[in-house]
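Okay, here's what each chain looks like letter by letter:
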Amino acid sequence: MNGEVQRRETLARQRRQWETETALNAVMSDPKVQRLRQEIEELEASMVRELSPILWRFQERYDRAVQGADASLLSRSCPGKHGRWGRICVLDIGHEAEYPHLGTNAEGQPVAWVGTAPDDD
């Protein structure tokens with residue numbers, strides 16, 4: 001009997017996951033959502049062009065800290081990130097009042113963004 005309950009729970013979980021993915025794909029493929037995504041990407045690129053000359057030293061410092069496993073410096077880095085998209089903010093804790101987040105995306109390209117994402121931890 002216990003095996004049957006586990007099988008039903010597994011099937012129910014798989015069904016919920018399929019329904020969620022189907023709904024997300026439908027929303028993300030909507031032309032209005034695609035247009036909004038493009039606008040956001042353009043705004044983020046614009047912010048990078050504006051902020052990089054001022055803040056690029058933070059990216060270089062962060063890269064050196066990662067290579068050298070400098071835990072003390074990394075612990076002072078901003079916890080803001082968009083982990084699902086491979087973004088980690090390289091600025092110091094508490095910078096949000098002065099500047100948006102600045103870092104690199106999963107492809108290694110510079111990116112700046114405002115706010116946080118649901119997958120922040």
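Residues numbered from 1 in each chain as written. Predicted model: local features only at pLDDT ≥ 70, side-chain atom pairs only at ≥ 80, totals over all residues. Heavy atoms only, no water.

(A) Highlighting the confidence of the model for the chain. For the chain, the mean per-residue pLDDT works out to 84, and 91% of the residues sit at or above 70. Here strand β1 (residues 81–82) stands out as the element of the chain with the lowest mean pLDDT, 71, in contrast to helix α3 (residues 71–74), whose mean of 90 is the highest. (pLDDT = per-residue confidence, 0-100. Helix = DSSP H or I, 4+ residues; strand = E, 2+ residues; numbered from the N terminus.)

(B) Broad picture of the side chain of His95. Mapped onto the fold, His95 is located in the loop between β2 (87–89) and β3 (101–104). Taking relative accessible area as the criterion, His95 reaches 9% and is therefore assigned buried. There is a polar contact of 3.1 Å between the side chain of His95 and the backbone oxygen of Tyr99. Within the structure, His95 has its side chain in polar contact with the side chain of His101 (distance 3.3 Å). Once residues within four sequence positions are removed from consideration, His95 is found in contact with Cys78, Cys89, Pro100 and His101. (Buried < 20%, exposed > 50% of the residue type's maximum accessible area, 1.4 Å probe, protein only. Polar contact = N/O pair within 3.5 Å; in protein donor to acceptor, adjacent residues only side chain to side chain. Contact = heavy atoms within 4.5 Å.)

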